[in-house]
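So you can see what is in the structure, the chains are spelled out below.
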Amino acid sequence: MGKIIAVANQKGGVGKTTTAINLAASLAVNDQRTLLVDADPQANASSGVGIRRGTLRRTLYHALILDEPLHNIIQTTELPALQVAPADRNLAGAEVELVNLEEREFVLRRVLENHRQQYDYIIIDCPPSLGLLTINALSAADSVLVPIQCEYFALEGVSELLDTLARIRRSFNPTLAIEGFLLTMFDERTNLSNQVMADLRDFYGKQVFDTVITRNIRLAEAPSHGKPIILYDIKSRGANAYLQLAKEVISHDNQKGAWTRTERAAS
């Protein structure tokens, strides 16, 4: 069964979509069959992997609201192991239309459930808000990866986010885990970035990824070319960082798998 990771943060502008695109692409080049699910009506994750706006007849909206089979909307990318379930602006209407559905918080879970065995990882790019689309993503996910910009207000936002995740666990998804906190837009030249990093590591320890995403112009340019950073500039610091992040995610899962096998053998 593939692992579902939601990339989420209620605060916008923290590198959430950049992380979803480039983590998915980096997992794919590590021979992991990966599906990128764009659950944000802005559809930036879709355009960021080469899906041109307005060229698709079916998107995630049709799967959520009109019961279109997911395999009918999935698109291929330049990377053989990476596919995408794209979004478009119609997805904004799904927030309203989902309200009238039974078990409206679990629609995305049902859409993805029959496809988990086809992938090693399913990465969901969430909107920067706690609406029904984000709740659906967190209800479907095994874990949540939280990008955190290295600035003062990010520290205040983490506690609010943890409260939100606690409510999601109580109401919809009791097994939802924290995949990790990812420091983004890090500038090693500033005291503030270094202080935020130190504080987060003090508070949350191993829940903070070792990988840090530094400010990088090539990383900022890549979406305008419809490419993940590893296809736009494989030699850039951004590409190296996301490849390292993918290896961390894979390594964590391998360790958990080894622990599970050991526990089963002991029992």
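Residues numbered from 1 in each chain as written. Predicted model: local features only at pLDDT ≥ 70, side-chain atom pairs only at ≥ 80, totals over all residues. Heavy atoms only, no water.

Caption draft 1: The arrangement of the pairing of strand S2 (residues 34-38) in detail. For S2, the tally of buried residues reaches five of five residues, placing the bulk of the element in the interior. The two faces of S2 match: Thr34, Leu36 and Asp38 on one face and Leu35 and Val37 on the other face are all buried. Judged from the four bridges that link them, S2 and strand S4 (residues 82-85) form a sheet pairing that is parallel. Across the sheet, the residue bridging to leucine 36 is valine 84, located in S4. Where S2 and strand S5 (residues 121-125) come together, five bridges link them in parallel fashion. Counted as the bridge partner of leucine 35 is isoleucine 122 from S5. (Buried < 20%, exposed > 50% of the residue type's maximum accessible area, 1.4 Å probe, protein only. Helix = DSSP H or I, 4+ residues; strand = E, 2+ residues; numbered from the N terminus. Pairing = 2+ DSSP bridges.)

Caption draft 2: Seen up close, the pattern of salt bridges. Taken as a whole and assessed by the stated rule, the structure comprises 13 salt bridges. Here arginine 116 makes a salt bridge to aspartate 142, at a shortest N to O gap of 2.7 Å. Taken as a pair, arginine 116 in the loop between helix H5 (107-113) and S5 and aspartate 142 in the loop between helix H6 (132-140) and strand S6 (143-149) lie far apart in primary sequence, 26 residues in all. The exposure class assigned to aspartate 142 is partly exposed, which follows from its relative accessible area of 26%. Arginine 218 is the partner of aspartate 233 in a salt bridge, and the nearest nitrogen-oxygen pair spans 2.9 Å. Placement of the pair is aspartate 233 in the loop between helix H10 (229-232) and helix H11 (237-266) and arginine 218 in helix H9 (residues 217-221), with a sequence separation of 15 residues. Residue aspartate 233 is classed as buried on the basis of its relative accessible area, which comes to 18%. (Salt bridge = Lys/Arg side-chain N within 4 Å of Asp/Glu carboxyl O.)

Caption draft 3: Spatial organisation of empty space enclosed by the protein. According to the stated counting rule, one finds four cavities of 30 Å³ or more in the structure shown. Empty space within the largest cavity amounts to approximately 80 Å³. Taken together, Asn9, Lys11, Val14, Val146, Ile148, Gln149, Glu151, Ala154, Gly157, Val158 and Leu161 form the lining of the largest cavity. Ranked by residue count, the leading element in the lining of the largest cavity is helix H7 (residues 152-171), at four residues. In terms of residue class, the lining of the largest cavity is made up of six nonpolar, three polar and two charged. (1 Å grid on protein atoms, 1.4 Å probe; cavity = no way out; pocket = protein on both sides within 12 Å on 5 of 7 lines; lining within 4 Å. Points joined across faces, edges and corners; volume = space filled by probe spheres on them. Nonpolar A, V, L, I, M, F, W, Y, C, P; charged D, E, K, R; others polar.)

Caption draft 4: Highlighting the side chain of serine 46. With respect to the helices and strands, the residue serine 46 is situated in helix H2 (residues 44-48). Using a relative accessible area of 2% as the deciding quantity, one classes serine 46 as buried. When residues no more than four places from it in sequence are discounted, the contact partners of serine 46 are Asp38, Ile51, Pro86 and Ala87. (Contact = heavy atoms within 4.5 Å.)

Caption draft 5: Quick peek at helix H8 (residues 191-204). In this model H8 runs 20 Å from its N-terminal to its C-terminal C-alpha over 14 residues, within 8% of the 20 Å that 1.5 Å per residue would give. Those residues of H8 that fall on the buried side of the exposure criterion are Ser193, Val196, Met197 and Leu200. Taken end-on, H8 shows its buried residues confined to a sector of 100 degrees, consistent with a single buried face. Among the exposed residues of H8, those oriented more than 90 degrees off its buried face are Asn191 and Asp202. Just downstream of H8 lies glycine 205, where phi reads positive at about 50 degrees. (Expected span 1.5 Å × (residues − 1). Arc of directions from axis to C-beta.)

Caption draft 6: A nonpolar patch on the surface, seen in detail. On the surface, Tyr152, Phe153 and Leu192 cluster together to form a nonpolar patch covering roughly 340 Å² of accessible area. Here leucine 192 is to be found in helix H8. (Patch = residues over 30% accessible without salt bridge, like charges linked within 9 Å, V, L, I, M, F, W, Y side chains within 5 Å. Areas by Shrake-Rupley, 256 points an atom, 1.4 Å probe, with all protein chains shown as cover.)

The values are spatial; any link to function lies outside them.
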